[in-house]
Amino acid sequence: MSNLNKYFSPLQKRRVKKGYSQQEMSKHLGITQSQYSRIEKGQTNPAKHIKKLSEILDCHPSEVFQGETKKK
């Protein structure tokens with residue numbers, strides 16, 4: 001079983017796979033770490049950040065919250 005399977009959200013899994021902390025992600029997005037955490041937990045609407053998230057995570061915007069990660 002992969003260590004990545006312990007992560008609950010596809011966004012969290014993608015972030016960890018890329019080696020980013022929540023703090024680093026929040027800096028890329030220009031938001032606070034707590035705001036980013038709420039996005040990752042599904043507690044806030046991420047719509048305005050989808051394009052930037054997909055660029056950071058190297059995936060299509062529609063894949064940011066999907067379960068499967070892009071294989072390289």
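For the protein chain, the count of helices and strands is 4 helices and 0 strands. Counting all 72 residues of the protein chain, 33% fall into the buried class. Looking at the protein chain alone, contacts between residues at least 24 apart form 49% of all its contacts between residues at least 6 apart. Here the protein chain has roughly 4900 Å² of accessible surface; of this, 49% comes from carbon and sulfur atoms.

This part takes up the confidence of the model for the protein chain. Here the protein chain shows a mean pLDDT of 87. Residues at 70 or above account for 82%. At the level of individual helices and strands, the protein chain shows its lowest average pLDDT in helix H1 (residues 10-18), which scores 93, and its highest in helix H2 (residues 22-29), which scores 98.

Before going further, it helps to examine helix H4 (residues 50-57). Within the sequence span of H4, burial applies to Ile50, Leu53, Ser54, Ile56 and Leu57. For H4, the angular spread of buried residues about the axis comes to 165°, placing them on one side. Among the residues trailing H4, Asp58 stands out with phi positive, at a value near 55°.

The subject of this paragraph is the environment of Glu24. Tracing the backbone through its elements, the reader meets Glu24 in helix H2. Between the alpha carbons of Glu24 and Tyr36 there is a distance of 9.8 Å; along the sequence they are 12 residues apart.

Right, let's talk about the side chain of Arg14 for a bit. One can find Arg14 in helix H1. No salt bridge is formed by the buried Arg14, whose closest oppositely charged neighbour, Glu63, lies at an N-O distance of 4.9 Å. Among the polar contacts made by the side chain of Arg14, one reaches the main-chain carbonyl oxygen of Glu63 at a distance of 3.0 Å.

Thresholds, definitions, all that
- Residues numbered from 1 in each chain as written.
- Predicted model: local features only at pLDDT ≥ 70, side-chain atom pairs only at ≥ 80, totals over all residues.
- Heavy atoms only, no water.
- Helix = DSSP H or I, 4+ residues; strand = E, 2+ residues; numbered from the N terminus.
- Buried < 20%, exposed > 50% of the residue type's maximum accessible area, 1.4 Å probe, protein only.
- Contact = heavy atoms within 4.5 Å.
- Areas by Shrake-Rupley, 256 points an atom, 1.4 Å probe, with all protein chains shown as cover.
- pLDDT = per-residue confidence, 0-100.
- Arc of directions from axis to C-beta.
- Lys, Arg positive; Asp, Glu negative; His and termini not counted.
- Salt bridge = Lys/Arg side-chain N within 4 Å of Asp/Glu carboxyl O.
- Polar contact = N/O pair within 3.5 Å; in protein donor to acceptor, adjacent residues only side chain to side chain.

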